[in-house]
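Residue-level structural notes
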Amino acid sequence: MFYSEDIIEQVRTENDIVEVIGDYVKLQKKGSSYFGLCPFHNEKSPSFSVSPNKQMYYCFGCGEGGNVISFLMKYENYTFIEAMEVLANRAGVELPKMEYSKEQRREKDLKTKIIEINTEAAKYFHYLLKSDRGKLAYNYLMGRQLSDEIIVKFGLGYSDKYSNNLYMYLKKKGYNDNELRETGLFTYDEKRGVTDKFWNRVMFPIMDANNRVIAFGGRVMGDAKPKYLNSPETKVFDKSRNLYGLNVARSSRKDYFLICEGYMDVISLHQAGFNNAVAALGTAFTQRHATLIKRYVKEVVLTFDSDEAGIKAALRAIPYLRDAGLAIKVLNMKPYKDPDEFIKALGRDAYEERIKNATNFFIFQVEQEQKKYNLNDPQEKTAFHKQVAEMLLEFKDEIERDNYLDSVCS
Ligand SMILES: [Zn+2]
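Residues numbered from 1 in each chain as written. Predicted model: local features only at pLDDT ≥ 70, side-chain atom pairs only at ≥ 80, totals over all residues. Heavy atoms only, no water.

A few words on the overall build of the chain. A count of helical and extended segments in the chain gives 18 helices and 17 strands. The C-alpha atoms of the chain give 24 Å as radius of gyration, which agrees with the globular expectation for 410 residues (22 Å, within 12%). Summarising its shape, the C-alpha atoms of the chain cover approximately 70 × 60 × 40 Å along the three principal directions. Counting across all 410 residues of the chain, residues that qualify as buried make up 47%. Of all intrachain contacts in the chain linking residues separated by at least 6 positions in sequence, the fraction that spans at least 24 positions is 59%. Approximately 21,600 Å² of the chain is accessible, and the part contributed by carbon and sulfur atoms is 48%. Treating the 60 positive side-chain charges of the chain as one cloud and the 58 negative ones as another, the clouds have centres 3 Å apart. (Helix = DSSP H or I, 4+ residues; strand = E, 2+ residues; numbered from the N terminus. Rg over C-alpha atoms; globule rule 2.2 N^0.38 Å. Buried < 20%, exposed > 50% of the residue type's maximum accessible area, 1.4 Å probe, protein only. Contact = heavy atoms within 4.5 Å. Areas by Shrake-Rupley, 256 points an atom, 1.4 Å probe, with all protein chains shown as cover. Lys, Arg positive; Asp, Glu negative; His and termini not counted. Charge placed at Lys NZ, Arg CZ, Asp CG, Glu CD.)

Inspection of the secondary structure puts Q28 in strand 1 (residues 28-30). The exposed category is assigned to Q28, whose relative accessible area is 58%. In this structure the C-alpha to C-alpha distance between Q28 and A383, which are 355 residues apart in sequence, comes to 34 Å. Those residues within four positions of Q28 in sequence are excluded, and the remaining contacts are S33, Y34 and F35.

Attention now moves to unusual backbone geometry. Going from K225 to P226, the amide bond is cis rather than trans, its omega being -10°. Positionally, P226 belongs in the loop between strand 10 (213-220) and strand 11 (228-230). In this structure, P335 follows K334 across a cis peptide bond, with omega equal to 10°. Along the chain, P335 falls in the loop between strand 16 (327-330) and helix 14 (339-346). Positive phi is not limited to glycine here, since N200 has a value of about 55°. Topologically, N200 is positioned in the loop between strand 8 (193-196) and strand 9 (201-207). You will see that R253, though not glycine, has its phi angle at about 65°, which is positive. Residue position: R253 is located in the loop between helix 10 (246-249) and strand 13 (256-260).

The reference angle at a metal is 109.5 degrees if four donors form a tetrahedron and 90 or 180 degrees if six donors form an octahedron. The protein atoms that coordinate the zinc ion are C38 (SG), H41 (ND1), C59 (SG) and C62 (SG), at distances of 2.1 to 2.3 Å. In this structure, the zinc ion is surrounded by four donor atoms whose angles at the metal cover 101 to 119°, and the resulting shape is tetrahedral. Each donor residue of the zinc ion lies on one chain, and together they are spaced C-x2-H-x17-C-x2-C. Note that H41 is positioned in the loop between strand 2 (33-36) and strand 3 (48-51) and C59 in strand 4 (residues 56-59), a separation of 18 residues in sequence. Residue class for H41 comes out partly exposed when judged on its relative accessible area of 25%. (Donors = N, O, S within 2.8 Å, 3.2 Å for Na, K, Ca; no water. Tetrahedral: all angles 85-135°; square planar, octahedral: opposite > 155°, others 65-115°.)

Moving on, we get to the pattern of salt bridges. Here the structure, examined in full by the defined rule, presents 20 salt bridges. Here E64 ties to K74 by a salt bridge, and the two come within 3.6 Å at their closest N and O atoms. Pair noted here: E64 is in the loop between strand 4 and strand 5 (65-66) and K74 is in helix 3 (residues 68-76), with a separation of 10 residues, a long-range link. Note that R241 and D238 form a salt bridge whose closest N and O atoms lie 2.6 Å from each other. Taking relative accessible area as the criterion, R241 reaches 19% and is therefore assigned buried. For D238, a relative accessible area of 21% gives the class partly exposed. Residues joined in a network through salt bridges with shared partners are E76, D238, R241 and R295. (Salt bridge = Lys/Arg side-chain N within 4 Å of Asp/Glu carboxyl O.)

Applying the stated criterion to the full structure yields 30 aromatic pairs. On the numbers, 5.5 Å between centres and 50° between planes, the contact of Y373 with F384 is tilted. Taken together, the residues Y373 in the loop between helix 16 (361-370) and helix 17 (378-392) and F384 in helix 17 connect sequence positions 11 residues apart. For Y373, a relative accessible area of 22% gives the class partly exposed. Given a relative accessible area of 6%, F384 falls into the buried group. Aromatic rings pair up to connect Y24, F40, F48, Y57, F71 and Y75 into one cluster. The ring of Y188 carries R181 above its face, with NZ or CZ at 4.2 Å from the centroid. Here the basic side chain of R288 rests over the ring of Y75, its NZ or CZ set 4.5 Å away from the ring centre. (Phe/Tyr/Trp six-rings, centres within 6.5 Å; stacked < 30°, edge-to-face > 60°. Lys NZ or Arg CZ within 6 Å of the ring centre and 35° of its normal.)

Turning next to the sheet that holds strand 15 (residues 299-302). Strand order in the open sheet made by the six strands is 12-14-13-15-16-17, with mixed pairing throughout. Strands at the two margins of the open sheet, each flanked by one partner only, are strand 12 (243-244) and strand 17 (359-360). When strand 13 meets strand 14 (residues 277-280), the two strands line up parallel, connected through three bridges. In the strand pairing of strand 14, L258 is matched with A277. Lying on the sheet, helix 11 (residues 263-271) is in contact with strand 12, strand 13 and strand 14; it crosses strand 14 at an angle near 175°. (Pairing = 2+ DSSP bridges. Axes fitted to C-alpha atoms, helices over the stretch in contact; angles between N-to-C directions.)

So, about the domain arrangement of the chain. Per the domain assignment, the segments of the chain are domain 1 (5-91), domain 2 (103-237), domain 3 (243-361) and domain 4 (372-410). For domain 2 versus domain 3, the separation of C-alpha centres amounts to 26 Å. Listed by partner, the interface residues are 20 residues for domain 2 and 17 residues for domain 3. When domain 2 packs against domain 3, close to 1,700 Å² is buried across both sides, 62% of that on carbon and sulfur atoms. When the buried area of domain 2 at its contact with domain 3 is split by residue, R144, F154 and A209 rank highest and sum to 32% of it. One can count one salt bridge joining domain 2 with domain 3. With its nearest N and O atoms 3.1 Å apart, the salt bridge here joins D340 to R144. Here domain 2 and domain 3 share eight residue pairs in polar contact (both at pLDDT 80 or more) between them. (Domains from an automatic or database assignment. Buried area = accessible area lost by both parts, 1.4 Å probe. Polar contact = N/O pair within 3.5 Å; in protein donor to acceptor, adjacent residues only side chain to side chain.)

Next up, the structure:
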């Protein structure tokens, strides 16, 4: 059974395609259409068009096109049913109860099952952390000065030293291998049998925006490698569509997000009262992350590590955040390395002060560029000025460009 043509039509017409796509792509009006950078292929100048009259989108670069429903299916990787549910909900249209086909039911059940198993695993890891077996991990977290309250809030846990401890636990709970295999929590090997992916690690459950446990990150106790390990991507976990801490940050009622580098940064910022901190999950920052953030706030403050790697990560993230239309500032944590160290040394008020004094992203970019030149040498100085002029051209808006020109000249 499927939705009737009437209800599909109603959902389609009550969701303006420009508004919906505008949440994902920065659009600019040109004539009767809107244009932006295509989210389905890489491009520098906008060939992705959205027509309010036809309520359709089309990319002149890659040929992708369709209506508001197919856009969401393509962009969010939704099934038709999921896209209908999201759009109906958005427009306040009530959908009739419908029967799922066998295949749809299986897919939906599987996603629900993975989340259920993840939730069980998270509870088990948390129990272990508080038990004798988790002492080492618990002491590690105490050493990092985390409170019991914040440990509970983020559902932190511990995965045991035995290589199939979680597997045995979940088997006893009645889950079968077909289900367990889909969670990404286990390695199935012909010779060694089934083993847990995570062992002897502090466990960080990764929640989606709706507080559902979709994956895990783990930090090893001791010297084993890798130091940090994440769940692989599964039917419910896509790294580029989620941010650690977003489930809390989205309801922080602040009009900006703090973007930091890792789990521990997010947690210590939240503990210090900055509950609008988020981080990308074991992956570089992407356009999708920027778009996701744009759904909740208009401004971000980058608080990446102040070492070389952190500066590089910030410089890489900035263009994505700009493309999403976010205002961007960069926080200076010197002489400390990361938010955790900074707050431990100088306290939350000093950090708050640094947020207030955060540098505009362009000034930050220019400062970083400047380090590459010896400004006492006239030739190098000229090269530097040319480079800055080049960077200024990135501003398409003339007034904005002039303002930035003023600010770097002063
Ligand atoms: Zn395209």
